[in-house]
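Summary of structural features
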Amino acid sequence: MDKPWKISRGPIAATELDVEKANAINSMLIRPVGVLPAKPGDPVLPFAVGLFNELRPLLKPEAGVTTLRRATAAYVHCRRYYFASAQPDSMRHNIDGEPVDPLSAEDRLVAQKRFLSLKQGAKAEAPEPAPVPPPVLNKNEQIRAALLRGRKSTVS
């Protein structure tokens, strides 16, 4: 597995789960972006290098950058995204979904290895629900939570 694949599987169609992840990203933005699938069957498009920096200015004021980063990571670290990136004819796409340049052989090989690893991991064991990390609180929210905890213990 030292060489990238030579035979293309064609466009990799998004599943319902891929669309849910894409919708989570789009819901944080002031407008939907064309690089994400809108419905099952739409192609999964590898992102152009630096695309996250183009997403950040589109972030709604009430949405956090960290939340956007996590949602984007969940999308790009899934099996179908790696599969789409590993194809010999895979192209990187801009925010509007237009192809901008081909993936390098090195990037395709990394995607291929990660895809195969995820595929074998899914076969080896039943998926366990991932633990939900606690929400990231800013300093004001941490102080407020501490004060509320103190108030509840004195009231009870």
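Residues numbered from 1 in each chain as written. Predicted model: local features only at pLDDT ≥ 70, side-chain atom pairs only at ≥ 80, totals over all residues. Heavy atoms only, no water.

The protein chain has the name ProQ/FINO family protein in an unreviewed UniProt entry, where Rhizobium mulingense is given as its organism.

Summing up its helical and strand segments, the protein chain has six helices and two strands in all. Ordered by position from N to C terminus, the α and β elements of the protein chain give α-α-α-α-β-β-α-α. Within the span of the protein chain, comprising 156 residues, buried residues form 32% of the whole. Across the protein chain, contacts joining residues at least 24 apart in sequence account for 72% of those joining residues at least 6 apart. Accessible area for the protein chain stands at about 10,200 Å²; split by element, carbon and sulfur atoms hold 58% of it. (Helix = DSSP H or I, 4+ residues; strand = E, 2+ residues; numbered from the N terminus. Buried < 20%, exposed > 50% of the residue type's maximum accessible area, 1.4 Å probe, protein only. Contact = heavy atoms within 4.5 Å. Areas by Shrake-Rupley, 256 points an atom, 1.4 Å probe, with all protein chains shown as cover.)

Here we come to the packing of aromatic side chains. Inspection of the entire model under this criterion finds six aromatic pairs. Ring geometry for Trp-5 and Phe-83: centres 5.9 Å apart, planes at 80°, overall edge-to-face. Residue Trp-5 is located in the segment before helix H1 (16-27), and its partner Phe-83 is located in helix H4 (residues 79-86); the two are separated by 78 residues in the primary sequence. Overall, the relative accessible area of 21% leaves Trp-5 in the partly exposed class. Of the residues examined, Phe-83 reaches a relative accessible area of 16% and is grouped as buried. Consider the rings of Phe-47 and Tyr-75, whose centres lie 5.8 Å apart with planes at 20°: the pair is stacked. (Phe/Tyr/Trp six-rings, centres within 6.5 Å; stacked < 30°, edge-to-face > 60°.)

To continue, consider the side chain of Ser-90. Summarising the element assignment, Ser-90 is placed in the loop between H4 and strand E1 (91-93). A distance of 2.8 Å separates a polar atom in the side chain of Ser-90 from the backbone oxygen of Gln-87. Apart from residues lying up to four places away in sequence, Ser-90 is in contact with Ala-84, Ser-85, Pro-102, Leu-103 and Arg-108. (Polar contact = N/O pair within 3.5 Å; in protein donor to acceptor, adjacent residues only side chain to side chain.)

Per the stated rule, a full pass over the model turns up four salt bridges. In this structure, Asp-18 engages Arg-80 in a salt bridge whose closest nitrogen and oxygen atoms are separated by 3.7 Å. Of this pair, Asp-18 sits in helix H1 while Arg-80 is found in helix H4, placing the two residues 62 residues apart along the sequence. When its relative accessible area of 27% is taken as the criterion, Arg-80 is described as partly exposed. (Salt bridge = Lys/Arg side-chain N within 4 Å of Asp/Glu carboxyl O.)

Moving on: the nonpolar core. In this structure, Val-33, Leu-36, Phe-47, Leu-55, Leu-68 and Tyr-75 are the most contacted members of the largest nonpolar core, which totals 32 residues. Put simply, the parts of the chain that give this core at least two residues each are H1, helix H2 (51-55), helix H3 (65-76), H4 and helix H5 (105-124). With five residues, the single largest contributor to this core is H4. Non-local contacts of Val-33, meaning those with residues more than four positions away in its chain, are made with Asn-26, Leu-55, Leu-58 and Ile-95. (Core = buried A, V, L, I, M, F, W, Y, C linked by side-chain atoms within 4.5 Å.)

Looking now at H1. Residues three or four positions apart in an α-helix share a direction because the helix packs 3.6 residues into each turn. Along its 12 residues, H1 runs 16 Å from first to last C-alpha, staying within 8% of the 16 Å computed at 1.5 Å per residue. For H1, every residue scored as buried is listed here: Asp-18, Val-19, Ala-22, Ile-25 and Asn-26. Looking down the long axis of H1, one finds its buried residues gathered within 115° of arc, a one-sided arrangement. (Expected span 1.5 Å × (residues − 1). Arc of directions from axis to C-beta.)

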